[in-house]
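# Report on the structure
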Amino acid sequence: MSVVTQLSPNFLGGVSKQNDDKKLPGQVSECINGYPDPTYGLLKRPGMKFNNTLKKANGTNFTKTELDDAVWFFIERGAAGSYIGAIKGSNIYVWTAVDGTWCTVTNNSATYLTGTTKNDYHFRSIQDTTIITNKTINAAMQPNGTYIPNTVATLKLVTLVNTYTYTVTIEGIEASVTSQNNTTFDDMLLYDASDINTNHHLVDKIKDVIEAQQTAGNANFNGKWYLEGYPDSLVIKRSTGTNAVVTDYSAVTGTPLSFTIDAKGGLNNTAIEVFEDEVEDASKLPLESFGGHHITVSNTTNAEDDYHLQFVAYDTTLNRGRGYWEETIARDVSPGLNASTMPHQLENTGPTTFEFNPITWSARKAGNDVTSPLPSFIGKTIAATFFYSNRFSLLSQDNVFFSVANDSYNFFVKSALTQIDSDPIDLNVSSIRPVTLFDVLPTAQGLLLFSDRQQFMLSASDSNTLTPTSSIIRTVSSYEMDSNISPVDIGTTVGFANKVPDYTKIFSMQLRDVEQPPVVVDISRVVLEWIPGTVGRLVSSPQNSFLMLVDKQSSYIYMYRYYNNGEKDLFQAWSKWNLTGTIQDAYVLNDQIVIITQQEDDYILSEITVNELPTGDVTVGTPITGNPCLDLFSKPIAPTVGVNPVVYDPVNKVTKIYTPFKPIEKTKGALLVGKPATSEGYFIEVTPKIEANTNFNYFEAVGDLTDIEASIIIGYNYHFEVQLPTFYFRRRDQQSVDFSAILTIARIKVSTGRSGPLVFETRLGSSKEWTIVKEVLLSDDYKFSTSPVKPEYRFDVPIHQRNTNFELKMTSDYPYPVSLVEMMWEGNYSPRFYRRA
């Protein structure tokens, strides 16, 4: 039998659910509230700072019922300020993320907020606007336009030759005139009441014919007729009203009425032309008309080359005369999107003010349903929105739709005559498998599209700019994903989740060059079935090298930490955080994890600063310096004006320490004196209380603590635990173990960095009870009433047990840091006289 010793160089392997003899050096069986760090080792996670209780506009707290099952979201704006929001029913609430200040939201679109679960909404924040998408509403167009055809006719005089006869037939009745030597274009078409010689005035002849037919009772001529003369054309309109013929350019009133008209004259009957709603060629349009005159240019019999024009008059007062023809939409199509069915915007109008409104979508400006087709998302639900390559974009089922370039809210072509590079892009991710797109991530290779069954890459085929002709989509992988958990960017890779019955898998995707498939790794394989199926959000912090899964409606966060030296990951570690309160949601803003929890009847806004390393002391000032290992830690807060935050009760010989939150019933709190400049540096447990006469919340401590009021920090202790695997003798390569030999562990030696009290517990054989072996610090190791934190320490823990006969864990329930650096075990090793090859 040999006396042996072996070293575990670190605790940075994280949790592994493999058999103990398969675990790698540094891996553990369980890690609760641990935070692996490549410099300081395995740390006790930072404490959770209390920021505020979420309040209403009147300053009262929201109750549990009022925000129960609310949909939470975050607005990240960097230096401009970040916010948290909640949607409950048709109401939307916003608070600042830093201190929980109430923000006023003017809700002008409550009817859009019809979602009932967190999966019914998608949020995308850009600058001062957050796009909110209700994924249960089908996008729709505005109602189609309606018009009565053939209610406006235009007579265009092409040539004027002496003795030519010009005939206009209206509703089968002819009106003819013969031009004379002194006839001019104006004489023919402009009404002149002072000219008694009307034989060569076509406009007068038409007027006489209509009036005569009305007098004769011809119903085909009923209504009010309008004659508008221009230098080379005459416009005839008809509408309901008292029988009359008006030639003073009066505004048209009543409902338009259709009529038939024809015209001929001159050689081959080409000297005069007439049209109503349509012309074959734009050259046939007159140079002058009335504003809003709508004409369809048919070109050929093919509907795909039709386009539509309307006249714009230079004289906006009279709205007629000289002007130009401008492309427009057909009169019988929808003018644009129905804003009430489309994503809405929550706009930040001030430091603490917001407005929730429908987005003003650009109107359709050209074409019809053939030449300006409806966006593919019409009639379908919209899953997500995003901005990419100067375009606002939507995901809907298996289509991705991009707006007009540099015109974010325009989803229609600018012209029906030709396609241009800035036109909208509508692409389908065709596949042999059912596909439903739900999110995107921009990458160096292009836009990565995620569906619940496949992943695609969208890029430009021949340039760096997306255009309708250059955009292509190709499949890059076929992994199943949870469409309710958005994938995240982890710096140079992408993380996404896949749920199976009862647990969740997490994958990392490393993209490579174009046309090369990505490298996808199941980073949760080592903790298979450890991550529950109830996690609901995936959050990353590339600068801090971690991935975080939030288990909403519980108290757990699952943390994946890694460290890459530029060539490879030096460690990958899983740990589990158990927070105080029930988590509603969490997000990473810079180096802070912002967390909303619910406890008692309140909702709490807190934060964890992940870069607070255990290298300094905790002091109490304004604000607290350092990061005490307490949850919901804060300074005592006066409950009302005129009351001190710390009050001594000489009758009962106790001190009341008022809290800014309602203490958890039957859960003791902790009081930490953070004043290293003096001899104080201790902590004590305190009891939650409520004053009977005022309902003020406070912690009660024995004795008079008013003299150290300025140094007090209050909060809750949280449990740090690392459960070690079974020890086996490892060969020199550190990868293979001898699991058949007899190994008796005599003791373990643990090296720590800056740490407070640490407890070692063992569980022998089949026992269900854990027994404390040795507390890290003895009473004579530090001065009384001073902080028991040592800059570094080594512990000898006696075991004297067969390696398979005990379990060992290290715990800390104190408000002090813990830094586990390395471990060594010593024992007796017997290979049973077998020669190891």
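As a reminder, the structure under discussion sits directly above these lines.
The following refers to the structure shown. (Residues numbered from 1 in each chain as written. Predicted model: local features only at pLDDT ≥ 70, side-chain atom pairs only at ≥ 80, totals over all residues. Heavy atoms only, no water.)

## As for the overall build of the protein
- When you go through the protein residue by residue, the secondary structure sums to two helices and 63 strands.
- Over its C-alpha trace the protein gives a radius of gyration of 40 Å, far above what one expects of a compact globule, namely 28 Å for 837 residues.
- Along the longest, intermediate and shortest principal axes, the C-alpha atoms of the protein span 130 × 75 × 40 Å.
- Across the 837 residues in the protein, those meeting the buried criterion constitute 52%. (Helix = DSSP H or I, 4+ residues; strand = E, 2+ residues; numbered from the N terminus. Rg over C-alpha atoms; globule rule 2.2 N^0.38 Å. Buried < 20%, exposed > 50% of the residue type's maximum accessible area, 1.4 Å probe, protein only.)

## Overview of unusual backbone geometry
- For glutamine 397, which is not glycine, the phi dihedral falls at a positive 50°.
- Looking at glutamine 397, the relative accessible area reads 36%, which means it is partly exposed.
- Backbone geometry at lysine 666 places phi at a positive 65°, although glycine is not the residue there.
- As for its placement among the helices and strands, lysine 666 is situated in the loop between β50 (654-658) and β51 (669-673).

## A look at the pattern of salt bridges
- According to the stated counting rule, one finds 22 salt bridges in the structure shown.
- The salt bridge partner of glutamate 273 is lysine 284, with a shortest N-O separation of 3.4 Å. Of this pair, glutamate 273 sits in strand β21 (residues 272-275) while lysine 284 sits in the loop between β22 (278-279) and β23 (288-290), and the two are 11 residues apart along the sequence.
- With a shortest N-O distance of 3.3 Å, aspartate 585 and lysine 552 are connected by a salt bridge. With a gap of 33 residues between them, aspartate 585 in strand β45 (residues 582-589) and lysine 552 in the loop between β42 (546-550) and β43 (556-564) connect regions that are remote in the sequence.
- In this structure lysine 552 comes out as buried when scored by relative accessible area, which is 15%. (Salt bridge = Lys/Arg side-chain N within 4 Å of Asp/Glu carboxyl O.)

## Focus on the sheet that holds strand β48 (residues 631-634)
- With mixed pairing, the 11 strands of this open sheet are ordered in space as β45-β46-β47-β7-β48-β54-β51-β52-β53-β50-β49. Each having just a single partner strand, β45 and β49 (646-649) make up the two edges of the open sheet. Neighbouring strand axes in the sheet, compared pairwise and without regard to direction, differ in orientation by 35° on average.
- Summarising the sheet, strand β46 (residues 592-599) and strand β47 (residues 602-609) pair through eight bridges and their orientation is antiparallel. When the bridges of β47 are listed, valine 594 appears paired with glutamate 607. (Pairing = 2+ DSSP bridges. Axes fitted to C-alpha atoms, helices over the stretch in contact; angles between N-to-C directions.)

## Quick look at the packing of aromatic side chains
- Tallied over the entire structure, the rule returns 47 aromatic pairs.
- Between phenylalanine 50 and phenylalanine 661 the ring centres are 5.3 Å apart and the planes differ by 55°, which places this aromatic pair in the tilted class. On the criterion of sequence distance, the pair formed by phenylalanine 50 in strand β7 (residues 48-53) and phenylalanine 661 in the loop between β50 and β51 is long-range, its members being 611 residues apart. The same class applies to phenylalanine 50 and to phenylalanine 661, which are both buried.
- Clustering of aromatic rings is evident, with ring pairs tying together Trp361, Phe377, Phe387, Phe392, Phe401, Tyr409 and Phe411.
- When the ring centre of tyrosine 718 is taken as reference, the NZ or CZ atom of lysine 44 above it lies at 4.9 Å. (Phe/Tyr/Trp six-rings, centres within 6.5 Å; stacked < 30°, edge-to-face > 60°. Lys NZ or Arg CZ within 6 Å of the ring centre and 35° of its normal.)

## Some details on the sheet that holds strand β14 (residues 152-157)
- Here we have five strands laid out as an open sheet, ordered β19-β17-β18-β14-β21, and mixed in their pairing. Of all strands in the sheet, those with a lone pairing partner are β19 (244-246) and β21, marking the two edges. On average, adjacent strands in this sheet sit at an angle of 15° to one another, irrespective of strand direction.
- The sheet contact formed by β14 and strand β18 (residues 233-239) spans five bridges and is antiparallel. Each bridged residue has a counterpart across the sheet, and for alanine 153 the counterpart in β18 is isoleucine 236.

## Let's talk about the pairing of strand β55 (residues 720-724)
- Across the five residues of β55, five count as buried, placing the element largely inside the fold.
- Along β55, one buried face is formed by Phe720, Val722 and Leu724 and the opposite face, lined by Glu721 and Gln723, is buried too.
- Pairing geometry for strand β4 (residues 30-32) and β55, over three bridges, is antiparallel. Looking at the pairing, glutamate 30 lines up with glutamine 723 of β55.
- The pairing of β55 with strand β62 (residues 806-812) spans five bridges and is classified as antiparallel. Residue pairing in the sheet places valine 722 in a bridge with methionine 810 of β62.

## Examining the pairing of strand β41 (residues 537-541)
- The element β41 is extensively covered by neighbouring structure, given that five of its five residues are classed as buried.
- Burial of β41 is two-sided: the residues Arg537, Val539 and Ser541 facing one way and the residues Leu538 and Ser540 facing the other way are all buried.
- Bridge analysis of β41 against β42 gives five bridges, and the strand direction is antiparallel. Note on β42: the bridge partner recorded for serine 541 is phenylalanine 546.
- Counting the residues that bridge the hairpin from β41 to β42 gives four residues, and of these serine 545 lies at a positive phi of roughly 55°.

## Examining the side chain of asparagine 697
- Locating asparagine 697 in the fold gives a position in strand β53 (residues 697-702).
- Judged by its relative accessible area of 19%, asparagine 697 falls in the buried class.

## Considering the nonpolar core
- Counting residues in each nonpolar core, the largest one holds 47 residues, and the members touching the most others are Trp574, Ile748 and Leu820.
- Put simply, the parts of the chain that give this core at least two residues each are β42, β43, β55, β58 (742-752), β61 (793-802), β62 and β63 (819-830).
- If you look at the next biggest cluster of nonpolar residues, it comprises 35 residues, including Met48, Val550, Ile557 and Leu671. (Core = buried A, V, L, I, M, F, W, Y, C linked by side-chain atoms within 4.5 Å.)

## Quick word on the environment of lysine 224
- With respect to the element layout, lysine 224 can be found in strand β17 (residues 224-230).
- The class of lysine 224 is partly exposed, set by a relative accessible area of 25%.
- Along the chain, lysine 224 and threonine 253 lie 29 residues apart, while their C-alpha atoms are 8.6 Å from each other.

## Thoughts on the environment of serine 176
- Take serine 176: it is sitting in strand β16 (residues 173-178).
- Assessed through its relative accessible area of 30%, serine 176 is described here as partly exposed.
- Distance in space between the C-alpha atoms of serine 176 and valine 105 is 69 Å, their sequence separation being 71 residues.
- Filtering out sequence-adjacent residues up to four positions away, serine 176 remains in contact with Thr165, Tyr166, Thr167 and Lys205.
- A polar contact is formed between the side chain of serine 176 and the side chain of threonine 167, at a distance of 2.8 Å. (Contact = heavy atoms within 4.5 Å. Polar contact = N/O pair within 3.5 Å; in protein donor to acceptor, adjacent residues only side chain to side chain.)

## Comments concerning the environment of threonine 371
- Among the secondary structure elements, threonine 371 is positioned in the loop between β28 (353-358) and β29 (384-388).
- When near neighbours in sequence (up to four residues on either side) are disregarded, threonine 371 contacts Ala303, Glu304, Asp306, Val413 and Ala416.

## Observations concerning the state of the cysteines
- The tally for this structure, following the rule as stated, stands at zero disulfides.
- Cysteine 31 takes part in no disulfide bond, and the closest cysteine sulfur to it belongs to cysteine 629, at a distance of 13 Å.
- With a relative accessible area of 2%, cysteine 31 lands in the buried category. (Disulfide = S-S within 2.5 Å.)

Such coordinate-based values are descriptive only and should not be taken to indicate function.
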